[in-house]
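Breakdown of the fold
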Amino acid sequence: MITTGEVDSLRTQVESWRRGGNVAFVPTMGNLHAGHLSLIEAAHKVADRVVASIFVNPLQFGAGEDFDNYPRTLERDAAMLAAEGTDLLFAPSVRVMYPKAQAEQTRVEVPGLSDVLCGACRPGHFVGVATVVCKLFNMVQPDIALFGNKDYQQLMVIRRMVQDLAMPVKIIGVETMRESSGLAMSSRNGYLSDGERAIAPVLYRVLTGVAQALREGSQDFAGLQAQAARELDDNGLRTDYVAIRNAADLLEPAAGEDRLVVLAAAFLGKARLIDNIEVAR
Ligand code: PAF
């Protein structure tokens, strides 16, 4: 596996690979787990070469969030990526990604989609995500990029950005990897104590119940959301939101809508957990 932190060498290498085949890209913030590796595996199935990046992006963290404490495990991550047959790891410094002061950095904003759900709780977060992903796409120049479905809203923001800015990158969403308890794999699960780990699977269980009720035809979206939030709180989580939305645009659904997604975010100790389930009915 080639490892570089420099844009010139990254570009030269990817350019030569693209002359003879296609290149898939998996952007990450590191602290890798089996969910990330499933993205690399999916990337190998759709492309001749696979590039991954590791960059803890300061622009997407709000004041008081975990940017400083976010686990940086580059050596271990690089070994995991190499073992999965990743062709190139791009691990730039903050100076390479943002040579100017952050306040002077041009930003990419996807309006509407960025302001609801996680965007409402984390103002500026999706501007940070869209900006860094746009910049990484410009640096890597991939044909295809893969993201986890767990970050459903992030995936929608990126799809919309690519469409609105006519970026020639095909976006693929990859199914969420779960622990045997149902808990969605996430780097932030590392913040959970043993006791909290035992509670955390409640999030998926509650979402599964809502999804089931929707599949059975319930139209009482407000009632289901309120009941789910109560269940989370009763089990020791602190609900940020539970929302039933249109799967295609995250708008509030009309009765009878048949492609839905139920999304939730809840705090547990130092972690903010998110998860979602798509429902077709
Ligand atoms: O999902 C993530 O890990 C990050 O938000 C991403 C897409 C790598 C951008 O920093």
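The structure this text deals with has already been given above.
Here's what I pulled together on the structure shown here. Think of each chain on its own: its residues are numbered from 1, step by step along the sequence as written. Residue-level local features of this predicted model are given only where pLDDT is at least 70; pairs of side-chain atoms are given and counted only at 80 or more, and the full residue set underlies all totals for whole chains, interfaces and linings. Each side-chain value is derived from all of the structure's non-hydrogen atoms; neither hydrogens nor water enter the calculation.

A closer look at the sheet that holds strand β1 (residues 2-4)
- Taken together, the six strands give an open sheet; going across it, the order is β1-β4-β3-β2-β5-β6, and neighbouring strands pair in parallel fashion. The strands lining the two open edges of the sheet, one partner per strand, are β1 and β6 (170-174). Direction aside, neighbouring strands of the sheet carry axes that sit 25° apart on average.
- The contact criterion used throughout is that any non-hydrogen atoms of two residues lie within 4.5 Å. Where helices are involved, their axes are fitted lines through C-alpha atoms of the stretch in contact, as for all axes, and angles between N-to-C directions lie from 0 to 180°. By definition, any uninterrupted DSSP run of H or I lasting at least four residues is a helix, any uninterrupted run of E lasting at least two residues is a strand, and each is numbered from the N terminus. Along the sheet, helix α3 (residues 74-83) makes contact with β3 (49-54) and β4 (88-90), crossing β3 at roughly 170°. Two strands are said to pair when DSSP picks up at least two bridges between them.

A closer look at the site of the ligand
- Any residue with a heavy atom lying within 4 Å of a molecule or strand is counted as near it. Surrounding the ligand, one finds P27, T28, M29, Q60, V132, F147 and Q154.
- Throughout this description, a polar contact denotes any pair of N or O atoms lying within 3.5 Å of each other; where both atoms belong to protein, one of them has to be capable of donating a hydrogen while the other can accept it, and for residues adjacent in sequence the pair is counted only when both atoms sit in side chains. Separating an oxygen atom of the ligand from a side-chain N or O atom of Q60 is a distance of 2.6 Å.
- Between the ligand and Q154, the relevant distance is 2.7 Å, taken from an oxygen atom to a side-chain nitrogen or oxygen of the residue.
- To measure how exposed things are, a 1.4 Å probe is used in the Shrake-Rupley method; for residues, cover is taken only from the protein chains shown. Contact with the protein chains covers 88% of the free accessible surface of the ligand, which is 290 Å².
- Looking at side-chain class alone, the shell around the ligand contains four nonpolar, three polar and no charged residues. Under the grouping applied here, Gly and all other residues not named as nonpolar or charged are polar, the nonpolar ones being Ala, Val, Leu, Ile, Met, Phe, Trp, Tyr, Cys and Pro and the charged ones Asp, Glu, Lys and Arg.

A closer look at helix α7 (residues 152-164)
- Given a rise of 1.5 Å per residue, 13 residues ought to cover 18 Å, and the 18 Å separating the end C-alpha atoms of α7 matches this to within 8%.
- For every residue, the accessible area obtained with a 1.4 Å probe (protein chains only) is divided by the maximum for its type, and the residue is called buried under 20%, exposed over 50%, and partly exposed between those limits. For α7, the full list of buried residues reads Y152, Q153, Q154, L155, M156, V157, I158, M161 and V162.
- Phi turns positive, to about 50°, at A166, one or two residues after α7. An expected span of 1.5 Å times one less than the residue number is assigned to each helix.

Thoughts on the state of the cysteines
- Count a disulfide wherever a pair of cysteine sulfur atoms falls within 2.5 Å. The final tally for this structure, using the stated rule, is zero disulfides.
- Here C121 stays unpaired: no disulfide links it, and the sulfur of C118, its closest cysteine neighbor, is 7.0 Å away.
- Judged by relative accessible area, which is 31%, C121 ranks as partly exposed.

Topic: the environment of Y241
- The residue Y241 is located in strand β7 (residues 238-246) in this model.
- A relative accessible area of 12% places Y241 in the buried class.
- Y241 sits twelve residues away from A229 along the chain, and the two C-alpha atoms are 7.2 Å apart.
- Once you skip the residues sitting within four places of it in the chain, Y241 turns out to touch L117, C118, Q153, L263, A264, A265 and R272.

Here we look at the pattern of salt bridges
- A side-chain nitrogen of Lys or Arg and a carboxyl oxygen of Asp or Glu constitute a salt bridge if their distance falls within 4 Å. Scanning all chains against the criterion turns up 13 salt bridges.
- The partner of R19 in a salt bridge is E15, with the nearest N and O atoms 3.9 Å apart. Remark: E15 and R19 occur in helix α1 (residues 7-20); sequence separation between them is four residues, near one turn of the helix.
- The residue E179 makes a salt bridge to R197 at a minimum N-O spacing of 3.0 Å. Remark: R197 occurs in helix α8 (residues 194-199) and E179 occurs in the loop between β6 and α8; sequence separation between them is 18 residues.
- The exposure class of E179 is partly exposed, given its relative accessible area of 26%.

Things to note about the sheet that holds β7
- Taken in spatial order, the three strands line up as β7-β8-β9 in an open sheet, and their pairing is antiparallel. Among the strands making up the open sheet, the edge pair consists of β7 and β9 (271-280). Averaged over all pairs of adjacent strands, the angle between their axes in this sheet comes to 10°, without regard to strand direction.
- Bridging between strand β8 (residues 259-268) and β9 involves ten bridges; their strand directions are antiparallel. Looking across to β9, one finds that L263 is bridged to N276.
- The strands touched by helix α10 (residues 221-234) within the sheet are β7 and β8, with β7 carrying the most contacts at an inclination of about 155°.

Re the packing of aromatic side chains
- For Phe, Tyr and Trp, rings pair up if their centres lie within 6.5 Å, where Trp contributes its six-membered ring, and each pair is then called stacked (planes under 30 degrees apart), edge-to-face (over 60) or tilted (otherwise). Going through the model one piece at a time under the given rule, you end up with five aromatic pairs.
- Ring centres of F25 and F137 lie 6.3 Å apart, and the angle between their planes is 70°; on these two criteria the pair is classed as edge-to-face. Taken together, the residues F25 in strand β2 (residues 23-28) and F137 in helix α6 (residues 125-140) connect sequence positions 112 residues apart.
- Every member of this aromatic cluster is reached through a ring pair, and the members are F25, F137 and F147.
- By definition, being over a ring means that NZ of Lys or CZ of Arg is both within 6 Å of the ring centre and within 35 degrees of the ring normal. Here R72 stacks its cationic end above the ring of F67, 4.7 Å away from the centre of that ring.
- The side chain of R178 reaches across the aromatic face of Y204, ending 3.7 Å from its centre.

Any functional reading would require information that these geometric values do not contain.
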